[in-house]
Amino acid sequence: MNGVYKIKKCAAPAAKPTALYNIIEDYSEFDPPGNLWVCAMTEAEDVGTHARVLAESHALPIEDMRRLLLHGGLYVYPQEGLLVTRGAFACRLDPDDVMPKLTWGLDVEQYVEAEQMKRACGATLEEAAWRVFQRTLAPELKDKLRQRNLGLDYAKLDRAIAKGGDIKYIDFRKDWSPHFKRLCIMPDGRLVETSGIDEFAKLHAITEKQARELIERGGILEVGEEVLACQIVNGQPSVARFNQAQYARAKELAVRKGSHIIDALSEVGLSDPGMMRALKRLEKPYS
């Protein structure tokens, strides 16, 4: 008896996206320019992915970023016209391999201070950039950087993180990145989590350009009959969405009290029980 057998082919497993960080600590509530995120990795570095993501985040040529990650050094942003509008980006490698690889950005004022320190103390620009950057950090973060692996107790870490061993690199970041989860308070009090500009834009049915302008500059953006409101606190965006009725109350308040629409929306949010509960949850630290 002849039998016909069908061999079912198993679909190839989907490629697992490369993880860039497995330890993230939030220091964004500290005063600028120390308002940043500490993003660390215990697994082996994927230089190509690391360079691509950082290059996109910091508007820096990918080959320059790759060179920095491999050899360390400083990238000074080109001057536009007569004004210096951007600072520098640095990567620090420890020749003794005790400290992990460190990357960070310097704003214009920090970069100018580093240049002055270089001339006054005879230090290299890279060393001056590190000294200037460290001054701005939160005291507890400075303490952690003096300790191996940020002073983390590996016995209390998730096994998947701890098995990687020592921290391989730390990126000090401030950008709205796909690697950070950001929360938005919705009109019904829900907290909705998004990762990156594109996901935030899709959630609210706006363009990526509109999303970027809102979270970088703050203010309001009308979305149909609803409105998105963004306040910049210590350099970090805080976003809430209000429905038609809430927006109408805020506009009435703004006219009656002669206040800014953002202040009026805040007042409406604080008087709404659902949004107030969400605000209290949002104020708790998250990673």
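Residues numbered from 1 in each chain as written. Predicted model: local features only at pLDDT ≥ 70, side-chain atom pairs only at ≥ 80, totals over all residues. Heavy atoms only, no water.

Engineer: Explain the side chain of His 50 here, please?
Structural biologist: Mapped onto the elements, His 50 comes out in helix α1 (residues 47-58). At 2.7 Å, the side chain of His 50 forms a polar contact with the side chain of Glu 45. Setting aside chain neighbours within four positions, we find His 50 in contact with Leu 20, Glu 45, Leu 69, Tyr 169 and Asp 171. (Helix = DSSP H or I, 4+ residues; strand = E, 2+ residues; numbered from the N terminus. Polar contact = N/O pair within 3.5 Å; in protein donor to acceptor, adjacent residues only side chain to side chain. Contact = heavy atoms within 4.5 Å.)

Engineer: Sorry, what's going on with the pattern of salt bridges here?
Structural biologist: Under the criterion given, the structure shown has 14 salt bridges. Residue Lys 144 pairs with Glu 25 through a salt bridge whose shortest N-O separation is 3.1 Å. Taken together, the residues Lys 144 in helix α5 (residues 139-145) and Glu 25 in strand β1 (residues 23-27) connect sequence positions 119 residues apart. What makes Lys 144 partly exposed here is its relative accessible area of 23%. Of the charged contacts in the structure, one is a salt bridge between Lys 101 and Glu 45, with a shortest N-O distance of 2.6 Å. Linking Lys 101 in strand β5 (residues 101-106) with Glu 45 in the loop between β2 (36-41) and α1, this pair joins segments that are 56 residues apart in sequence. (Salt bridge = Lys/Arg side-chain N within 4 Å of Asp/Glu carboxyl O. Buried < 20%, exposed > 50% of the residue type's maximum accessible area, 1.4 Å probe, protein only.)

Engineer: Help me out: how do you make sense of helix α3 (residues 108-121) in this one?
Structural biologist: Think of an α-helix as 3.6 residues a turn; residues three or four steps apart then line up on the same face. Here α3 spans 20 Å end to end across 14 residues, near enough to the 20 Å set by a 1.5 Å rise per residue. Listed in full, the buried residues belonging to α3 are Gln 110, Tyr 111, Ala 114, Glu 115 and Met 117. Buried residues of α3, viewed axially, fall in a sector of 160 degrees; they line one side. Seen from the buried face of α3, the exposed residues on the opposite side, beyond 90 degrees, are Glu 109, Arg 119 and Ala 120. In the core, the buried residues of α3 are packed alongside β3 (73-76), β4 (88-92), β5 and α4 (125-135). Put simply, Asp 107 is the residue that caps the front of α3, since its side-chain oxygen is 3.2 Å from the backbone nitrogen of Glu 109. In the stretch just after α3, Gly 122 is the one whose phi turns positive, near 75 degrees. (Expected span 1.5 Å × (residues − 1). Arc of directions from axis to C-beta.)

Engineer: Whenever I open this one, unusual backbone geometry confuses me. Can you help?
Structural biologist: For residues that are not glycine, phi is negative in most cases, and the peptide bond is trans in most cases. Cis geometry is found at the peptide bond from Pro 32 to Pro 33, where omega equals 0 degrees. Among the structural elements, Pro 33 can be located in the loop between β1 and β2. Its identity as a non-glycine residue notwithstanding, Asn 149 has a phi of 55 degrees, on the positive side. Structurally, Asn 149 can be placed in the loop between α5 and α6 (159-162). Although it is not a glycine, Ala 205 sits at a positive phi angle of roughly 55 degrees. Along the polypeptide, Ala 205 turns up in the loop between α7 (196-204) and α8 (208-217). Residue Ala 205 is classed as exposed on the basis of its relative accessible area of 66%.

Engineer: Teacher, can you tell me more about the sheet that holds β1 here?
Structural biologist: What links the strands of a sheet is backbone hydrogen bonding, and the strands pair in either a parallel or an antiparallel sense. As summarised here, the arrangement of the six strands in space is β1-β2-β6-β5-β4-β3, forming an open sheet in which the pairing is mixed. Where the open sheet ends on each side, the last strands, each with one partner, are β1 and β3. If you compare each strand with its neighbour and ignore which way they point, the axes differ by 15 degrees on average. Note: β5 against strand β6 (residues 169-173), three bridges, orientation parallel. Counterpart to Thr 103 in the pairing with β6 is Asp 171. (Pairing = 2+ DSSP bridges. Axes fitted to C-alpha atoms, helices over the stretch in contact; angles between N-to-C directions.)

Engineer: Sorry, what's going on with the nonpolar core here?
Structural biologist: A general feature of soluble globular proteins is that nonpolar side chains tend to end up buried together. Counting residues in hydrophobic clusters, the biggest one holds 29 residues, and the most contacted among them are Trp 104, Leu 141, Ile 170 and Phe 172. Sorting the residues of this core by element identifies β1, β2, β4, β5, α3, α4, α5 and β6 as the ones contributing at least two each. If you tally residues by element for this core, the top one is α4, at six residues. Discounting residues that sit within four places of it in the chain, Leu 141 has contacts with Tyr 27, Leu 36, Val 38 and Phe 172. Among the nonpolar cores identified, the runner-up in size contains 19 residues, and Tyr 21, Trp 37, Leu 60 and Leu 68 belong to it. (Core = buried A, V, L, I, M, F, W, Y, C linked by side-chain atoms within 4.5 Å.)

Engineer: Hey, could you run me through the confidence of the model for the protein chain in this one?
Structural biologist: Close reading of the predicted structure is inappropriate where its pLDDT is low. Looking at the protein chain as a whole, its pLDDT mean stands at 84, while 85% of the residues score no less than 70. Long-range and interchain partners of residues 1-16, a stretch whose pLDDT sits below 50, account for zero contacts in this model, where long-range means more than four residues apart. (pLDDT = per-residue confidence, 0-100.)

Engineer: Sorry if this is basic, but what is going on with the environment of Arg 182 here?
Structural biologist: Looking at where Arg 182 falls in the secondary structure, it is placed in strand β7 (residues 182-185). When the C-alpha atoms of Arg 182 and Val 239 are compared, they prove to be 9.0 Å apart, with 57 residues separating the residues in sequence.

Engineer: What should I look at first to understand a negative patch on the surface in this one?
Structural biologist: Side chains of Glu 193, Asp 198, Glu 199 and Glu 208 sit close together on the surface and give a patch of like negative charge. With respect to the helices and strands, the residue Glu 208 is situated in helix α8. (Patch = residues over 30% accessible without salt bridge, like charges linked within 9 Å, V, L, I, M, F, W, Y side chains within 5 Å. Areas by Shrake-Rupley, 256 points an atom, 1.4 Å probe, with all protein chains shown as cover. Lys, Arg positive; Asp, Glu negative; His and termini not counted. Charge placed at Lys NZ, Arg CZ, Asp CG, Glu CD.)

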